[in-house]
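# Fold and geometry: a report
Okay, here's what each chain looks like letter by letter:
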Amino acid sequence: MQLNNNDRRMLKTMLSDPGRTWNLEQLLSETGWQDQVHIAGSGKSLESEGLVELEETRTRTVTLGPEGSRAVEDGLLESRIWNWVLGQEDSGRTIKDLNSAGFKKSETGPGIGLLKGLGVDIDSGKLVFSDEASISDEISRRSDFLSSLSSQPADVSSLDEKMVKHFSSRGGLLEFEDSVTRTWRLTKEATSIDDSSLSEIQMIGEITPEMLQTESWKDGQFKPFDVKAPAPTPFGGRRHPMQALIERIRSVFLEMGFSEIEGDFVQSAGWNMDALYIPQSHPARTMQDTFYLDEPSKLDLDQHYLDLWSKVHVSGHDTGSRGWGGSFDKEESRKALLRTHTTVNTVKHIAENSDTPCRVFGIGRVFRQETIDRTHMPEFHQIEGIIHEPDASLPMLISTLKTFYSKMGYPDVRVRPAYFPYTEPSAEVDIMWKGEWLELGGSGIFRPEVTEPLGTDWPVCAWGMGLERLAMLILGLDDIRQLYQPDLERLRKMPLL
Ligand code: PHE
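Heads up: these notes are all about the structure in this document.

Cut-offs applied
- Residues numbered from 1 in each chain as written.
- Predicted model: local features only at pLDDT ≥ 70, side-chain atom pairs only at ≥ 80, totals over all residues.
- Heavy atoms only, no water.
- Axes fitted to C-alpha atoms, helices over the stretch in contact; angles between N-to-C directions.
- Helix = DSSP H or I, 4+ residues; strand = E, 2+ residues; numbered from the N terminus.
- Left-handed = near helix turned anticlockwise from the far one by under 90°.
- Contact = heavy atoms within 4.5 Å.
- Nonpolar A, V, L, I, M, F, W, Y, C, P; charged D, E, K, R; others polar.
- Salt bridge = Lys/Arg side-chain N within 4 Å of Asp/Glu carboxyl O.
- Buried < 20%, exposed > 50% of the residue type's maximum accessible area, 1.4 Å probe, protein only.
- Pairing = 2+ DSSP bridges.
- Core = buried A, V, L, I, M, F, W, Y, C linked by side-chain atoms within 4.5 Å.
- Patch = residues over 30% accessible without salt bridge, like charges linked within 9 Å, V, L, I, M, F, W, Y side chains within 5 Å.
- Areas by Shrake-Rupley, 256 points an atom, 1.4 Å probe, with all protein chains shown as cover.
- Disulfide = S-S within 2.5 Å.
- Near = heavy atom within 4 Å.
- Polar contact = N/O pair within 3.5 Å; in protein donor to acceptor, adjacent residues only side chain to side chain.

On to the packing of helix 5 (residues 77-86) against helix 8 (residues 132-148). Two elements in contact, helix 5 and helix 8, have axes whose closest approach is 10 Å; the angle formed by their N-to-C orientations is 150 degrees. As for the relative orientation of helix 5 and helix 8, their crossing is left-handed in sense. The segment helix 5 lies against helix 8, with E78, S79, W82 and L86 engaging E132, I135, S136, I139, R142 and S143. Of the residues contributing to the contact of helix 5 with helix 8, the split by class is four nonpolar, three polar and three charged.

Printed below as a string of structure tokens:
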């Protein structure tokens, strides 16, 4: 039998204890090899000689995801709501009371859904149930299950299958990791091998310049490549997936003939909102939704625009509109804030280039007071764009968005009527993903109340889309925070764009 050096070394090592089942660590330490590639390679060739049996065991371990750890600390959502329910008088168990009981807005809906799944019914706004004990039982089983995972990873096969299934369908609670463990054992045939019967040959794994010069390769035996042999994955540097996605979007818009524009994070309420005909009393303008700055607290604004916005807001000026009525506070316009949308960039661009037709886009960060959860963050990105030209139209807007999303890999796009204070008509843009329509952003044609003060009569197609939502689809994430956590392990595994 002819074996190459490495195979021989592995065989010899194993023959030192012929009955043993070896794992990777044992073989590495006994052979003195640094790299598991040798074990995998020689293991394979010994296996094909009938000398070694290779066994692969696949295991799936589970640990708590970020939501899971939070649930262990603060209590599962259904458990917190259920405790609240039990603490109420019968008559106080209403959805209305629940909404004002200090739960987050994003919690009550899903929370009620979970309780319904446990046997709670809603009867004219009241939470009703018959079997309190079984609901409590199931909730504490769920809590115990999660707590049991908080100290260390567990093998999925050792866990309650139903619980695993239940929690897997809830985003961010559990994280799974698949691994393969390999063990090697000598076959009967191998144990009876006489070491001296093994002749040693040098197999050529790599051709060197010497071999070529001396032509020694002609008499050599070549080591076959096993392209399926397990090997470590080399990780080189790569762009952050979010940055890679931004680059891709950028190149799609450039390819479609658009130019890129930028703007500052700090803006005046005037350009961020008044220019967009957002009434000064609009709820989104309050401190609860918008980050206003202390320093600077005010920004200079061109009197020309302040006068025009004021007239348009109060009476419509000569835009054909009646305006919002009421009064307009120019000091309010001067307030400094962190831009809440990138639409501020496109309106400023129109003001500065009112008689030049343009197609421009921008990808930028925006800021809103949001409670952080699976799908919300106080900082996120928008993909903004406009077409400002004499023949701009709604069909042009829709076909542009369709082209953009097709190029991104989502050919099914639909628009639905919507409302924004600054566009008419307005449309919500959805894309088809895994058989479902997902909302990705807003769009429309700017109203004359917006365009006339900017100095143009041409129609403007405008849109503003969420970037993170698209990133989650493309990268297959169920939690927006995963994009920003410095978890190299996870980032490495995200698909290359
Ligand atoms: N600015 C809107 C948002 O932040 C999106 C939008 C942009 C809507 C342009 C219409 C026109 O959601």
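By the definition in use, this model includes 32 salt bridges. The partner of R185 in a salt bridge is E53, and the shortest N-O contact between them spans 3.1 Å. Taken together, the residues R185 in strand 7 (residues 174-186) and E53 in strand 3 (residues 52-64) connect sequence positions 132 residues apart. Looking at R185, the relative accessible area reads 37%, which means it is partly exposed. Overall, E53 belongs to the partly exposed group, its relative accessible area being 40%. For D430, the salt bridge identified is with R414, shortest N-O distance 3.0 Å. Of this pair, D430 sits in strand 17 (residues 423-433) while R414 is found in strand 16 (residues 413-420), placing the two residues 16 residues apart along the sequence. When its relative accessible area of 1% is taken as the criterion, D430 is described as buried. Overall, R414 belongs to the partly exposed group, its relative accessible area being 30%. What you see here is one network of salt bridges that share partners, running through E78, E138, R141, R142 and R170.

Now for the sheet that holds strand 15 (residues 379-388). What the seven strands build is an open sheet, ordered 11-14-15-19-18-17-16; its pairing is mixed. Single-partner strands in this sheet number two, and they are strand 11 (259-260) and strand 16. The pairing of strand 16 with strand 17 spans seven bridges and is classified as antiparallel. Note that in strand 17 the partner of A418 across the bridge is S426. The strands touched by helix 12 (residues 241-255) within the sheet are strand 11, strand 14 (358-367), strand 15 and strand 19 (460-466), with strand 14 carrying the most contacts at an inclination of about 165 degrees.

Residues I249, F253, I383, F404, Y405, M408 and L470 are the most contacted members of the largest nonpolar core, which totals 42 residues. The set of elements that each furnish at least two residues to this core consists of helix 12, strand 14, strand 15, helix 17 (394-407), strand 17, strand 18 (436-446), strand 19 and helix 19 (467-475). Looking at this core element by element, the count peaks at seven residues for helix 19. V312, V347, A351 and Y422 belong to the second-largest nonpolar core, a separate cluster that totals 30 residues.

This next bit is on a nonpolar patch on the surface. Taken together, I207, L212, W217 and F222 make up a surface patch of nonpolar side chains, about 380 Å² in accessible area. Relative to the helices and strands, F222 is located in strand 10 (residues 221-222). F222 sits in the partly exposed class, given a relative accessible area of 44%.

One open sheet accounts for four strands, arranged 2-7-3-6; its pairing is antiparallel. Looking at strand neighbours, the two that pair on one side only are strand 2 (21-23) and strand 6 (154-155), the edges of this open sheet. Along the sheet, helix 1 (residues 5-15) makes contact with strand 2, strand 3 and strand 7, crossing strand 7 at roughly 80 degrees.

Moving on to the state of the cysteines. Counted according to the given criterion, the structure contains zero disulfides. Distance from the sulfur of C358, which forms no disulfide, to the nearest cysteine sulfur (C461) is 11 Å. Given a relative accessible area of 10%, C358 falls into the buried group. Exposure remark for C461: the relative accessible area of 0% places this residue in the buried category.

Contacts to the ligand come from 13 residues, most closely from H341, T343, R368, Q382 and Y422. A distance of 2.8 Å separates an oxygen atom of the ligand from a polar atom in the side chain of R368. Measuring from an oxygen atom of the ligand, one finds a side-chain N or O atom of Q382 at 2.9 Å. Counting residues per element, the ones that place at least two in the shell around the ligand are strand 15, strand 18 and strand 19. In terms of residues, the shell around the ligand owes the most to one element, strand 19, which gives three residues.

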